[in-house]
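# Reading the structure
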2 protein chains.
Amino acid sequence: MNVLIIGGAGMVGQKLVQRLAIDERLGDREIGAVELFDVVEASVPDSSFEITASTGDLSDQSTAAALVAMRPDVIFHLAAVVSGEAEADFAKGYRINLDGTRYLLDAICAAEDYCPRIVFTSSIAVFGAPYPEAIGDEFLTTPLTSYGTQKAIGELLLSDFTRRGMMDGVGIRLPTICVRPGRPNKAASGFFSNIIREPLAGKEAVLPVSDDVRHWHASPRSAVGFLIRAATIPSEEVGTRRNLTMPGISVTVGDQIEALRSVAGDQVVARIRREPDEAIIRMVDGWPRNFDPQRAIRLGFEADASFEDIIRVHVEDELGGNIS
Amino acid sequence: MNVLIIGGAGMVGQKLVQRLAIDERLGDREIGAVELFDVVEASVPDSSFEITASTGDLSDQSTAAALVAMRPDVIFHLAAVVSGEAEADFAKGYRINLDGTRYLLDAICAAEDYCPRIVFTSSIAVFGAPYPEAIGDEFLTTPLTSYGTQKAIGELLLSDFTRRGMMDGVGIRLPTICVRPGRPNKAASGFFSNIIREPLAGKEAVLPVSDDVRHWHASPRSAVGFLIRAATIPSEEVGTRRNLTMPGISVTVGDQIEALRSVAGDQVVARIRREPDEAIIRMVDGWPRNFDPQRAIRLGFEADASFEDIIRVHVEDELGGNIS
């Protein structure tokens, strides 16, 4: 089978293709080739099958048609202008996240005798406060960001196009990915990862919110597991509601810190410096804290077992097992 | 103040402009002019202020810019390709209901120093089975038609554009309008009105479903009341969730028939002929039956008091008080 990863140069796209290179298959089917598409050229891991990297602009209507012309059996649509940028640049967010997604779906529709599985990464940003204690599978989507709005619209299109038999879509709402590897980024949510990753690497990290802030996390490894499950789950098991809130771990920042202490010790925890940031505190206040994603769990999507496990995944996958 | 009614030739648009012509004001502001825009030329009622009718195609991007150039204070966006047609003609539904709505919102954004109230008529078609006993204000939108999908997307855009201060939008999910005046139409939901309107006019009506089918209704008069409340409600009272399920009356077909009997007698009820239609039975099975629209009720939206009242509204407004 052939696989297309749109957003293949991103963190999740890279983790996914590395996993596919190791597995050599997706579900029970052998992989013939993988194409990594992104705005910048993706790194290509070693593998037994062909992996190509291509670049382009998804908001150019002809791009999607060219991608679909190769008739991949599975399309992972991971590409998006992220939350902060979609808020800062209104037009760009709509152009890439909404128009780009629609061009892709329209291109799939337009191809005759073609009905690929498309896995769409949505986000918990489709939800907006006020929330119940834990957000269930029947809670409404009232996003409070343009990014969340664009993802919620993508979900609706995916459902309708799937219902009409034009594609076989599954949308998955990823938790905040933690521990995000790489350098500290300026996303408001970055501190959830920074306070784990930086101290583990011997560096100081700033914590801008109080210890009782609760949030919803999954490791990059779990995120890749979700994508693979979403790519291989039988369509009829999903039913008419094609978008699923993924499982995760709900912990407070205090819980995160105690997990770090139990995995890496007091000396590592001491590298976290508390420096409240009112702007971030206000933003985080509107974010979801906890979910009750029964459908996804029933459908075989598996989260990390604990936040300690999330830290251990990071140490194994990013630090070669070593803590500074 | 100036008012634009997009979809001004439709049943609800006509009822609305007739009411505005009588009231001469919208809330506490005197009306200066009303423009009725539609694909066909709207009838213009007598009034003390200027009413103009214009025609055009909302899916032509330049149309919205021209409509917005006149800077109406309130825009009622009632225009849509209806449910059956949006399902039969996939491209047309998306072109008018999604692209047309987006062009309108984009045109409002593009106008400087302009932030009109826009009232968007959404629909209970944004919901999809399975449902709880009564659908509450926090129930998810998983439409099972392309029309419902397009309306749900319109709701999301309206919320986001309003949140960003580009307009002041309120979306209202209308119940099925009953008794719909005019001739029997072929909409699958038409029978809810047909079985009341036709017998009252001395004609036979076909009932294609069983008496225990429950549905959610509002009179045309109530629908106009909803529109006027949505046009005049203070924005801060609505809050961040800009889309509201309107109140209505939940009755079974059997209840409708008994209400008809109590208003018009056995002889009128005898004109209903039962003729089950499997296709309609299957479709209706997926429709919402009952709601618990607490937010809208708290915000002052008022439904009819009973189905008998819905029938009396029809007899007064359409039949001059006379039953055949």
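The present account deals with the structure reproduced in this document. (Residues numbered from 1 in each chain as written. Chains lettered and ligands numbered in written order. Predicted model: local features only at pLDDT ≥ 70, side-chain atom pairs only at ≥ 80, totals over all residues. Heavy atoms only, no water.)

## A word on the relation of the copies chain A and chain B
With an RMSD of 0.0 Å, chain A superimposes on chain B once it is rotated by 180 degrees and translated 0.0 Å along the axis. Expressed as a symmetry operation, the mapping of one chain copy onto the other fits a two-fold axis. It is leucine 140 of chain A whose C-alpha, among those of chain A, lies nearest the rotation axis, at 1.9 Å. When the interface residues of chain A are mapped onto chain B, 100% of them again fall at the interface, so both copies present the same face. (Least-squares fit on C-alpha atoms with pLDDT ≥ 70 in both. Contact = heavy atoms within 4.5 Å.)

## A closer look at the sheet that holds strand S13 (residues 249–252) of chain B
Residues and elements named next belong to chain B. As summarised here, the arrangement of the 3 strands in space is S9-S11-S13, forming an open sheet in which the pairing is mixed. Only two strands of the sheet have a single partner each, and these edge strands are strand S9 (176–177) and S13. One ladder, built from 2 bridges, connects S9 with strand S11 (residues 214–218); its direction is parallel. For threonine 176, the partnering residue across the bridge sits in S11 and is histidine 217. (Pairing = 2+ DSSP bridges. Helix = DSSP H or I, 4+ residues; strand = E, 2+ residues; numbered from the N terminus.)

## Overview of unusual backbone geometry
The peptide bond linking alanine 129 of chain A to proline 130 of chain A adopts the cis configuration, its omega dihedral lying at 0 degrees. Look at glutamate 24 of chain A: it is not a glycine, yet its phi comes out positive at around 65 degrees. Tracing the sequence through the fold places glutamate 24 of chain A in the loop between helix H1 (11–23) and strand S2 (25–26). Even without being glycine, aspartate 113 of chain B reaches a positive phi, approximately 50 degrees. Along the chain, aspartate 113 of chain B falls in the loop between helix H4 (90–110) and strand S7 (117–123). Residue aspartate 113 of chain B is classed as exposed on the basis of its relative accessible area, which comes to 79%. (Buried < 20%, exposed > 50% of the residue type's maximum accessible area, 1.4 Å probe, protein only.)

## Some details on the pattern of salt bridges
Applying the stated criterion across every chain yields a total of 46 salt bridges over all chains. Linking glutamate 85 of chain A and lysine 92 of chain A is a salt bridge whose minimum nitrogen-to-oxygen distance equals 2.6 Å. A relative accessible area of 34% places glutamate 85 of chain A in the partly exposed class. With its nearest N and O atoms 2.8 Å apart, the salt bridge here joins arginine 163 of chain A to glutamate 87 of chain B. With one member in each of two chains, arginine 163 of chain A in helix H5 (residues 146–163) and glutamate 87 of chain B in helix H3 (residues 83–88) form a pair that bridges those chains. Members of the salt-bridge network, linked through shared partners, are Glu87 of chain A together with Asp160, Arg163 and Arg164 of chain B. (Salt bridge = Lys/Arg side-chain N within 4 Å of Asp/Glu carboxyl O.)

## Observations concerning the interface of chain A and chain B
Tallying the contact residues gives 32 residues for chain A and 32 residues for chain B. Approximately 2,900 Å² of surface area, both sides summed, lies buried where chain A meets chain B, with 55% of it carried by carbon and sulfur atoms. Linking chain A with chain B are 6 salt bridges, by the criterion used here. Counting only elements with at least two residues in the side of chain A that touches chain B, the list comes to helix H3 (83–88), helix H4 (90–110) and H5 of chain A. (Buried area = accessible area lost by both parts, 1.4 Å probe.)

## Digging into the pairing of strand S11 (residues 214–218) of chain A
All names here are of chain A. In terms of residue burial, S11 counts as a mostly covered element, since 4 of its 5 residues are buried. Sheet topology places S11 next to strand S13 (residues 249–252); 4 bridges connect them, and they run antiparallel. Bridge assignment links histidine 215 to a residue of S13, and that residue is valine 251.

## Some points on the packing of aromatic side chains
All names here are of chain A. Going through the model one piece at a time under the given rule, you end up with 20 aromatic pairs over all chains. On the numbers, 6.5 Å between centres and 50 degrees between planes, the contact of tyrosine 131 with phenylalanine 139 is tilted. Summarising the burial analysis for this pair, tyrosine 131 and phenylalanine 139 share the class buried. With a centroid separation of 4.2 Å and an interplanar angle of 35 degrees, the aromatic rings of phenylalanine 191 and phenylalanine 192 are classed as tilted. (Phe/Tyr/Trp six-rings, centres within 6.5 Å; stacked < 30°, edge-to-face > 60°.)

## A few points about the packing of helix H9 (residues 253–264) of chain A against helix H13 (residues 307–319) of chain A
Helix-helix packing is characterised by the crossing angle of the two axes and by the distance between the axes. Residue and element names in this part refer to chain A. Close contact between H9 and H13 brings their axes to 9 Å; oriented N to C, the two are set at 55 degrees. Relative to H13, H9 is oriented oblique. At the point where H9 passes H13, the crossing takes the right-handed sense. For the pair H9 and H13, contact is made by Gln256, Ala259, Leu260, Ser262 and Val263 and by Phe307, Glu308, Ile311 and Arg312, respectively. Tallied by class, the residues present in the contact of H9 with H13 amount to 5 nonpolar, 2 polar and 2 charged. (Axes fitted to C-alpha atoms, helices over the stretch in contact; angles between N-to-C directions. Parallel < 35°, antiparallel > 145°, perpendicular 65-115°, else oblique. Left-handed = near helix turned anticlockwise from the far one by under 90°. Nonpolar A, V, L, I, M, F, W, Y, C, P; charged D, E, K, R; others polar.)

## What about the packing of helix H6 (residues 191–200) of chain B against helix H13 (residues 307–319) of chain B?
Residues and elements named next belong to chain B. Running from amino to carboxyl end, H6 crosses H13 at an angle of 50 degrees, the nearest separation of the two axes being 11 Å. As summarised for this structure, H6 and H13 are arranged oblique, according to the angle between their axes. For the pair H6 and H13, the sense of crossing is right-handed. Two secondary-structure elements touch here, H6 through Ile196, Arg197 and Leu200 and H13 through Phe307, Ile311, His314, Val315 and Leu319. Taken together, the residues of the contact of H6 with H13 sort by class into 6 nonpolar, 1 polar and 1 charged.

Spatial relationships are all this shows, so hold off on functional conclusions.
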